[in-house]
Every structure is written in C-alpha cells, then in structure tokens.
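What follows is the residue order along each chain.
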Amino acid sequence: MAGMRTYLSIFILILLFTVPGAQNPNNANYDEAKAGTYRLPDPLVMRNGHRITTAGEWPVRRAEILDLFAQEVYGRTPSSAMAVKGRLTFETVSRQPAALDGLATRQEITLRLTNRADGPRMNILLYLPNGRKGPVPVFLGMNFNGNQSVTNEPDVAISSAWMRADNEGRVLNNRATAKSRGMAISRWPLGMILRSGYGVATIYYGDLYPDHAQGLADSIIPHYYQPGQRSPGPDEWGALGAWAWGMSRCLDVLEKIPGVNSRQVILHGHSRIGKATLWAGAQDPRFAIVISNDSGEGGAALARRNFGETIERINTAFPHWFAGNFKKYNREVDSLPVDQHLLLALIAPRPVYVASAAEDLWADPRGEFLGARGADPVYRLLGRSGLGITAMPGLHQPVTTTIGHHIRAGKHDVTDYDWEQFINFANIHLKRPASMRKR
Ligand code: GTR
C-alpha cells in the first residue's frame, strides 16, 4: 500500500513537471505586451481564397466556417441526434400558478432525451410572468447547480444528477443537498427578469453531460453512437457539444408551450456554459439573441492571443469539453483554420452580446472584445450595425448595436449589472415598447 502511494506521488510529480500549466493554472500570461502577434482568419475570405463581397454569398462562407468549428473545435453533433429534433416526448410534472408571490406561473417539465422511456431525461424549470397579454419572450440558459439553485422556493425539485463537489455542504458525494436551494440566486434575478416581461427557462447542464473527465459514459453521447461505436470520433461532440444540443432541445419544448414566444428566445450563458451557448446559437438559427457572459477561451475570446487561458491549458484541464481534433492545436494555434470571432459571426445577423468583467483576466476581456470586433465585418455585410466601434470601451459603457458589449468592474460572475444590460439589449432588439417592459 505504502509502495503504491510512493509510486503515485512520483507519478504526480512527473505529471506536474511535464504537463505544461499543471503546476499553477495562473502561470498564464497576463502582460498585454506579451499577448503576441497573430493574423486572424478573414471572415469574408473563403478557404480557397475567394473574397465574399455580397450578403448573398455569405451563406456559403457561413457553412464553411460552421463546418470547420464542428470538425476542429466543438465536434459534430451526429445526425442520429439531430433526427430527434422536436420529436422527443415531454411532460409537465408540476405547475404552480402563483409562484414567487404571484409574480409568475412556474412549471417543471421533463423531456426524454432519447426515444426510450427509461432513457436519460432533462428537467426544465420555466417561469412565465403572470398578467401579461399574449406570449412572452424567454431568457433560456443552463445552470451549474441544479434548477433548485436558482430559486429559494422550497417546492422545486432538487436535481439528483452528478454535481461538482462543493465544500459548504451544498453538494455532498457529488449530489445536491437541500442546502443547495437558492445557492445561485445572485446570478438569477428572477424578479427583475419577470417584472421586465420576460419568462425564464433553465436546465441543469449536468443532465446532458456530467462535467468531469470521466463524464462521457453517463452523458447523452453514447445514446447516439452508431451501431458498434464505442467512443466519439475525433471530429465528434464532447461536453460543450452536448450542452449546446440540450439548449436546442429545450427550445423544441418551448416551441410547444402556450404563453412562450418561441421566436423571441434569448439564449444566455456564463463561462463554460457561455462557450456552449455561443456554439448553440451558431448552430441553431431559431435563437433570436445570444448572450455570452465571461465565456473566455473557447467562447468569445480570441484563441490566438496568448493571454489568460490557452487552448493547451483548457484541453489539459478539461479534456472532455471539445472534439478530440481540437487537441491538435494545443501548441499550433496559428494553424487553427478559425478563431472565435468567426463563431460570433455565425450568429449574424442576429444580435449577439459579449459581456466581460475587468478582474476576469483568465477569460481575457480584451480578447473577448476583439472577438466581437472581428465579427463586425459580417454584420455590416449583412446590413446590420455590427459593433460600431473599434476601440475597447471603458468600464460600464455598454454598447447596444447588433453586436453588444460591456465590461464591468469585478470578478468572473453574473451580476445584476450584467442582467440589467441583457434586458436592455433584448428590449432594444426585440423592439419592446416601454409599456411592455417594467411593471
Ligand atoms: C475555468 C475554465 C474556464 C471557464 C471557467 C468556468 O476553470 O478554465 O474556461 O469555463 O472554469 O466555467 O467557470
């Protein structure tokens, strides 16, 4: 036993000295002068060198870029998984017409993620504001700690899925406890959103893929293998792809729920969920607006900048997130045929919002802004306002053109300030008259 432990310690020591970035995640570069020089792939130049000059040609370049992200970065979603679109069965398992002191009607909806009755399920928590005429727009986003974490209400089901450990007793043995109720309410200001006339839909991201390196077996991915397949191919989806797929399946359900304006669903996500959000918004044109909050590396931040998290570091710490092919670029970022500005461009002409936090250097706020700026030519080609600026604005100066942006003071988080901007951005782009907004 002791010998075993010695071997293990030696192994860990070797690992620490051989895996770059493993010693200290913060051995990253935070010096702007050392962010490096790079040439971004031009959004308007095809791989064969042809330059796109008209909006009519964009769909061809768009398809090329989408395919490159699927092939090299996030992995393809298998066609067997796409075939179920809109055909999976769901049921409303609870309904509370006077939730949150009568502010909203709350529903818990269970969606089967395969066509087997005993297969995996995804639980949607949906609030629709009471007393509104006609269907309402909805903010849809995944949560990190189970649906019970976004509200203090005692009668919302506690997620029974695997959950990342927590040292405050809210998650014990990788399962949420009653103490996890409301643990994320600061990131989910339900009252503010509902009073502004929007519904809220959320899902625990772990319903699709448990977020750990061995999570594959318990994810939805094996349910969509080809006959005889034992693992995803190097160009097939990982956790980010599975989370993105779940967002679209939630939209399939919202399309069938009375009271929801499914043509005005605003997809939002923070950090790793923000990365999946951008990928979902890029693939699924039904999302009306897409919001990335502090999504960083693999999200809105340019990969070619050596600042904060890098491709090598993200693939090392989270080997399950991206397609296997993405690991080819660990030390070869310049050969990556895309960069993250092109991911944002895939959302065009729909409004996209990139939010950053000044102290969140790991996510590279400037790289996130430059990602937004890099998407601008596509929006302008399509006749939209794009970002409309070239220099990064100072703190708390939100940009609300078709590519929205803000950088706020503070840390990696979702705050009321962020939500105020998201709601304002949605009000502007969904053209909601003041009378339909705050009550
Ligand atoms: C970090 C990771 C980031 C970001 C973040 C989060 O550890 O390096 O890319 O996703 O987690 O999701 O909070």
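Preceding this paragraph is the structure being described.
Note that this is a predicted model, so its numbers are computed, not measured.

Draft legend 1. Examining the overall build of the protein chain more closely. Counting its secondary structure elements, the protein chain contains eleven helices and eleven strands. Here the C-alpha radius of gyration of the protein chain, 21 Å, is about what a compact globule of 439 residues would show, namely 22 Å. Dimensions of the protein chain, computed from the C-alpha atoms along their principal axes, are close to 65 × 60 × 45 Å. When burial is assessed residue by residue, the protein chain has 56% of its 439 residues classed as buried. Of the roughly 18500 Å² that the protein chain leaves accessible, carbon and sulfur atoms contribute 54%. The centroid of the 49 positive side-chain charges in the protein chain is displaced by 5 Å from the centroid of its 39 negative side-chain charges.

Draft legend 2. Expanded view of helix α2 (residues 58-74). Buried within α2 are the following residues: Trp-58, Arg-61, Arg-62, Glu-64, Ile-65, Leu-68, Phe-69, Ala-70, Glu-72, Val-73 and Tyr-74. Lining the buried residues of α2 we find α6 (239-254), α7 (271-283), α9 (340-345) and α10 (365-381). Positive phi shows up at Gly-75, right after α2, with a value of about 90°.

Draft legend 3. A look at the pattern of salt bridges. Using the criterion set out here, one finds 27 salt bridges in the structure. Asp-42 is the partner of Arg-51 in a salt bridge, and the nearest nitrogen-oxygen pair spans 2.9 Å. Residue class for Arg-51 comes out partly exposed when judged on its relative accessible area of 45%. Between Asp-284 and Arg-286 there is a salt bridge, with the nearest N and O atoms lying 2.7 Å from each other. There is no split in this pair, since Asp-284 and Arg-286 are both buried. What emerges from the salt-bridge pattern is a single network uniting Arg-249, Asp-252, Glu-255, Asp-284 and Arg-286.

Draft legend 4. A look at the nonpolar core. Counting residues in hydrophobic clusters, the biggest one holds 95 residues, and the most contacted among them are Phe-69, Leu-126, Leu-140, Trp-243, Trp-245, Leu-254 and Phe-287. With eleven residues, α6 is the single largest residue contributor to this core. The residues contacting Leu-254, other than those within four sequence positions of it, are Leu-126, Val-138, Leu-140, Ala-201, Val-260, Ser-262 and Val-265. Formed by 28 residues, the second largest nonpolar core is a distinct cluster that contains Ala-99, Ile-266, Ile-291 and Tyr-353.

Draft legend 5. Region of the structure containing the site of the ligand. Around the ligand sit Ser-271, Arg-272, Lys-275, Glu-309, Ile-314, Phe-318, Trp-321, Trp-362 and His-412, and that is every residue in its neighbourhood. Within the side chain of Arg-272, an N or O atom sits 2.5 Å from an oxygen atom of the ligand. A distance of 3.2 Å separates an oxygen atom of the ligand from a polar side-chain atom of His-412. Computed on the free molecule, the ligand has an accessible area of 310 Å², of which 81% lies beneath the protein chains in the complex. A molecule is said to occupy a pocket when more than half its atoms come within 2 Å of that pocket's grid points, and by this definition the ligand occupies the largest pocket. Each residue belonging to the shell around the ligand can be placed in one class, and the counts come to four nonpolar, two polar and three charged.

Draft legend 6. A look at the environment of His-270. Looking at the element boundaries, His-270 is found in strand β8 (residues 260-270). Note on His-270: relative accessible area 6%, which makes it buried. A sequence separation of 209 residues divides His-270 from Arg-61, and the C-alpha atoms of the two residues are 28 Å apart. Apart from the residues lying within four places of it in its own chain, the contact partners of His-270 are Phe-144, Arg-187, Asn-293, Asp-294, His-412, Asp-413 and Val-414. Reaching out from His-270, the side chain makes a polar contact with the side chain of Asn-293 at a distance of 3.0 Å.

Draft legend 7. Quick peek at the side chain of Ser-94. By the secondary structure assignment, Ser-94 is in strand β1 (residues 90-98). Engagement of the side chain of Ser-94 in a polar contact is seen with the side chain of Glu-108, the distance being 2.6 Å. Not counting residues up to four positions away in its chain, the partners in contact with Ser-94 are Arg-106, Gln-107 and Glu-108.

Definitions and limits used
Residues numbered from 1 in each chain as written. Predicted model: local features only at pLDDT ≥ 70, side-chain atom pairs only at ≥ 80, totals over all residues. Heavy atoms only, no water. Helix = DSSP H or I, 4+ residues; strand = E, 2+ residues; numbered from the N terminus. Rg over C-alpha atoms; globule rule 2.2 N^0.38 Å. Buried < 20%, exposed > 50% of the residue type's maximum accessible area, 1.4 Å probe, protein only. Areas by Shrake-Rupley, 256 points an atom, 1.4 Å probe, with all protein chains shown as cover. Lys, Arg positive; Asp, Glu negative; His and termini not counted. Charge placed at Lys NZ, Arg CZ, Asp CG, Glu CD. Contact = heavy atoms within 4.5 Å. Salt bridge = Lys/Arg side-chain N within 4 Å of Asp/Glu carboxyl O. Core = buried A, V, L, I, M, F, W, Y, C linked by side-chain atoms within 4.5 Å. Near = heavy atom within 4 Å. Polar contact = N/O pair within 3.5 Å; in protein donor to acceptor, adjacent residues only side chain to side chain. 1 Å grid on protein atoms, 1.4 Å probe; cavity = no way out; pocket = protein on both sides within 12 Å on 5 of 7 lines; lining within 4 Å. Sits in = over half its atoms within 2 Å of the grid points. Nonpolar A, V, L, I, M, F, W, Y, C, P; charged D, E, K, R; others polar.

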